[in-house]
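# Architecture at a glance
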Amino acid sequence: MADVLVRKEAIREAQRLWQANPLYLDTETTGIGPAAEVIEVGVVDNQGQVLYSSLVRPRGVIEPEALRVHNIQPEVVATAPGWQHVWPELRTVLAGSLVGAYNSDFDLRLIKQSLQRAWLRWDLPDSSFFCIMKLYARFAADWNPERRSYRWHSLDAAGKQAGLALLNTHRAVDDARLARALLQYMAGAG
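Let us look at the structure shown here.

Reading guide: rules and limits
Residues numbered from 1 in each chain as written. Predicted model: local features only at pLDDT ≥ 70, side-chain atom pairs only at ≥ 80, totals over all residues. Heavy atoms only, no water. Helix = DSSP H or I, 4+ residues; strand = E, 2+ residues; numbered from the N terminus. Buried < 20%, exposed > 50% of the residue type's maximum accessible area, 1.4 Å probe, protein only. Lys, Arg positive; Asp, Glu negative; His and termini not counted. Salt bridge = Lys/Arg side-chain N within 4 Å of Asp/Glu carboxyl O. Core = buried A, V, L, I, M, F, W, Y, C linked by side-chain atoms within 4.5 Å. Contact = heavy atoms within 4.5 Å. Expected span 1.5 Å × (residues − 1).

Moving on, we come to the side chain of Arg180. Position of Arg180 relative to the elements: it lies in helix H8 (residues 172–187). We note that Arg180 is buried and unpaired, the nearest opposite charge coming from Asp45 at a distance of 5.8 Å.

Right under this line is the structure:
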């Protein structure tokens, strides 16, 4: 019974967020650690239209594990703009908007790390970002007794569970569109 209530609450939250007409952001990175940086960023609107997309030249190297996930080769980003050129444009797109991301904690951390490495300042409110992954965990209502929380699902797994035709390609715009489609699916489940 509690899981049913949690799912209904997640659906109501998804409906509220969907109606707020958010943007959707995704990043691809050099890795996951404290020195990792963003190497691709994509933002789409609530209709799935691309508002921003750019590769980013990192200051560090792309870790082999990350390369296996997204296959963005170092030579591809070698001529891309640096974060100091990407951030002003990206910031303009995001400013004043509600922004959803699948695992927003990770994306925000990597954006902030990229800013620090480029000697730039984060000045957007964290509160304008929301996590579609955590919302989907409550929607799926699959309790993980070891963590004492609802189980997190990968974007790929969540998309498949929802029966969405979009693939998790591990490219920023495609994955932002998949996150958008997942929010729409949850909002329509009520």
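Notably, Trp119 is not glycine yet its phi reads approximately 60°, a positive angle. Under the relative-accessibility criterion, Trp119 is labelled exposed at 78%. Within the chain, Ala141 stands out as a residue other than glycine whose phi angle is a positive 50°. Take Ala141: it is sitting in the loop between helix H6 (132–140) and strand E6 (143–144).

On to the nonpolar core. By size, the foremost hydrophobic cluster in this structure holds 26 residues, and its most contacted members are Tyr102, Ile132, Leu182, Leu183 and Met186. Residue assignment for this core shows that the elements contributing at least two residues are helix H1 (2–19), strand E5 (129–131), H6, helix H7 (155–161) and H8. Element by element, the count of residues in this core is highest for H8, at eight residues. Residue contacts for Leu182: discarding those within four places in its chain leaves Tyr102, Ile132, Tyr136, Leu155, Ala158, Ala162 and Leu164. Core analysis: the second largest hydrophobic core is formed by 24 residues, Tyr52, Val56, Phe106 and Leu108 among them.

Counted at 1.5 Å a residue, the expected span for H8 with its 16 residues is 22 Å, and the 23 Å between its end C-alpha atoms agrees. Extensive coverage of H8 is indicated by the burial of 12 of its 16 residues. When H8 is considered as a whole, its buried residues turn out to be Ala172, Val173, Asp175, Ala176, Leu178, Ala179, Arg180, Ala181, Leu182, Leu183, Met186 and Ala187.

Time to look at the environment of Asp126. Among the secondary structure elements, Asp126 is positioned in the loop between helix H5 (104–117) and E5. Along the sequence, Asp126 and Asp105 sit 21 residues apart, while their C-alpha atoms lie 9.5 Å from each other.

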